[in-house]
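Each chain, written out:
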Amino acid sequence: MNAPSERMPLEIVTTTDGLSSLAGGVLVPTMGALHRGHHQLIELARRVRDERGLSGPVIASVFVNPAQFNEAKDFEMYPRNLATDARKAADAGCEVIFAPEVEVMYPGGKDGPEWSRPVDLPECVVDKGLEDEYRPGHFPGVYLVCRRLLELCRPAAAVFGKKDWQQLQLVTAMSEREGLGVEIIGAETMREEDGLALSSRNVHLKPEDREAALGLSRGIREAQRLGQAGASAAEAEEAGRKVMRRAVGDGFEYFEVRDAATCGEVVEGQPARVLCAAKVGVTRLIDNDGWVPNE
Ligand code: PAF
């Protein structure tokens, strides 16, 4: 579509009309409230598009997906500001924003054909005692919206953050299962200097929540340190969990060391991933990181 150095003015698309002419680029799905982490995802999308000489644009979708929220309050509280998001996306190198209304994504709403379309959830998000347990209905909603976005925008590749680890595994499996032919690219989690993973939800953290919030990344680092030094997954998990529990107190939800690909039990010699979640004040935080045994 355009040469690597060329910058297009940002186009904002809200309907499905003309979307087919935007196929073949790189998509960055978001729910808006863009922060530096999204900036990095969009920059990566731009690099991939340019380096591979793909014909389509860099698109960021901005859609707060009602189907993936299990609490109405969480959906309502989700920050929304399209004008600010559009400016930030353009700064990062985005060329098109796809910002549909709910009716465009799910014609007929909850009872319409898109919202009620069957989903084929992969193993990594079923009965794992992780996000699947703490956010019932979340992953079917993510599956629905990501399939719809990929079908509508028809990118060659799509970029997702590794911070939502189970989601990344889910979307990778979904693209394959549905025969969408979209390459799913995982982007590293961006962190504040003190280790806190960037998240749109961090705006709700009060200054006095900070120490507790850091419990997640500190617990992960402790588990990683032990895991990389040759401790068993169980030992690494126990030590990391203790660190996190001490910091987050009653808000603790889970801290698990799992197989990175299946999110099930750790497999000897295979990459391991620590996944954790906690409520800090009114904010629910998740984080993860991993290691490869003997590396
Ligand atoms: O990670 C997110 O922001 C959302 O789950 C996604 C992928 C945009 C789907 O709504």
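None of the values given here were measured: they were computed from a predicted structure.

Across its full length, the protein holds nine helices and nine strands. Over its C-alpha atoms the protein spans a radius of gyration of 19 Å, differing by no more than 12% from the 19 Å that the globule rule assigns to 295 residues. Overall, the protein is about 55 × 40 × 40 Å in size when its C-alpha atoms are taken along their principal axes. Counting the 295 residues in the protein, one finds 53% classified as buried. Surface summary for the protein: the accessible area is close to 13500 Å², and the carbon and sulfur share equals 48%.

Another aspect to go through is empty space enclosed by the protein. In this approach, a probe sized like a water molecule rolls over the atoms, and the result shows the empty space that is left. Summed over all chains, the structure comprises two cavities of 30 Å³ or more. Its volume calculated, the largest cavity comes out at about 110 Å³. Around the largest cavity, the lining is made up of 15 residues, and of these Glu 131, Asp 164, Trp 165, Gln 166 and Ile 286 lie nearest the centre. Sorting the residues of the lining of the largest cavity by element identifies helix H6 (138–153), helix H7 (165–177), strand E8 (272–280) and strand E9 (283–291) as the ones contributing at least two each. Computed from the structure, the second largest cavity encloses a volume of approximately 60 Å³. Considering the residues around the second largest cavity, the lining is formed by Lys 163, Leu 196, Ala 197, Ser 199, Asn 202, Ala 213, Leu 216, Ser 217, Leu 285, Ile 286 and Asp 287. Secondary-structure elements contributing two or more residues to the lining of the second largest cavity are helix H8 (210–228) and E9. Class assignment of the residues belonging to the lining of the second largest cavity gives a composition of six nonpolar, three polar and two charged.

The next point concerns the site of the ligand. Lining the immediate surroundings of the ligand are Pro 29, Thr 30, Met 31, Asn 65, Gln 68, Val 145, Phe 160, Asp 164 and Gln 167. A distance of 2.6 Å separates an oxygen atom of the ligand from a polar atom in the side chain of Gln 68. With respect to the ligand, the side chain of Gln 167 contributes an N or O atom lying 2.7 Å from an oxygen atom. Its free accessible area being 290 Å², the ligand has 88% of it covered by the protein chains. Among the detected pockets, the ligand sits in the largest pocket. Across the shell around the ligand, the residue classes break down as four nonpolar, four polar and one charged.

This part is about the sheet that holds E9. Reading across from one edge, E7-E8-E9 is the order of the three strands in this open sheet, with antiparallel pairing throughout. The sheet is open, and its two edges are formed by strand E7 (252–259) and E9, each paired on a single side. The mean inter-strand angle of the sheet, taken between neighbouring strand axes irrespective of direction, is 10 degrees. As judged from the seven bridges shared by E7 and E8, these two strands associate in the antiparallel manner. Counted as the bridge partner of Arg 258 is Arg 273 from E8. Running at roughly 160 degrees to E7, helix H9 (residues 233–248) makes contact with E7, E8 and E9 of the sheet.

Definitions and limits used
- Residues numbered from 1 in each chain as written.
- Predicted model: local features only at pLDDT ≥ 70, side-chain atom pairs only at ≥ 80, totals over all residues.
- Heavy atoms only, no water.
- Helix = DSSP H or I, 4+ residues; strand = E, 2+ residues; numbered from the N terminus.
- Rg over C-alpha atoms; globule rule 2.2 N^0.38 Å.
- Buried < 20%, exposed > 50% of the residue type's maximum accessible area, 1.4 Å probe, protein only.
- Areas by Shrake-Rupley, 256 points an atom, 1.4 Å probe, with all protein chains shown as cover.
- 1 Å grid on protein atoms, 1.4 Å probe; cavity = no way out; pocket = protein on both sides within 12 Å on 5 of 7 lines; lining within 4 Å.
- Points joined across faces, edges and corners; volume = space filled by probe spheres on them.
- Nonpolar A, V, L, I, M, F, W, Y, C, P; charged D, E, K, R; others polar.
- Near = heavy atom within 4 Å.
- Polar contact = N/O pair within 3.5 Å; in protein donor to acceptor, adjacent residues only side chain to side chain.
- Sits in = over half its atoms within 2 Å of the grid points.
- Pairing = 2+ DSSP bridges.
- Axes fitted to C-alpha atoms, helices over the stretch in contact; angles between N-to-C directions.
- Contact = heavy atoms within 4.5 Å.

Shape is all these values report; function is a separate question.
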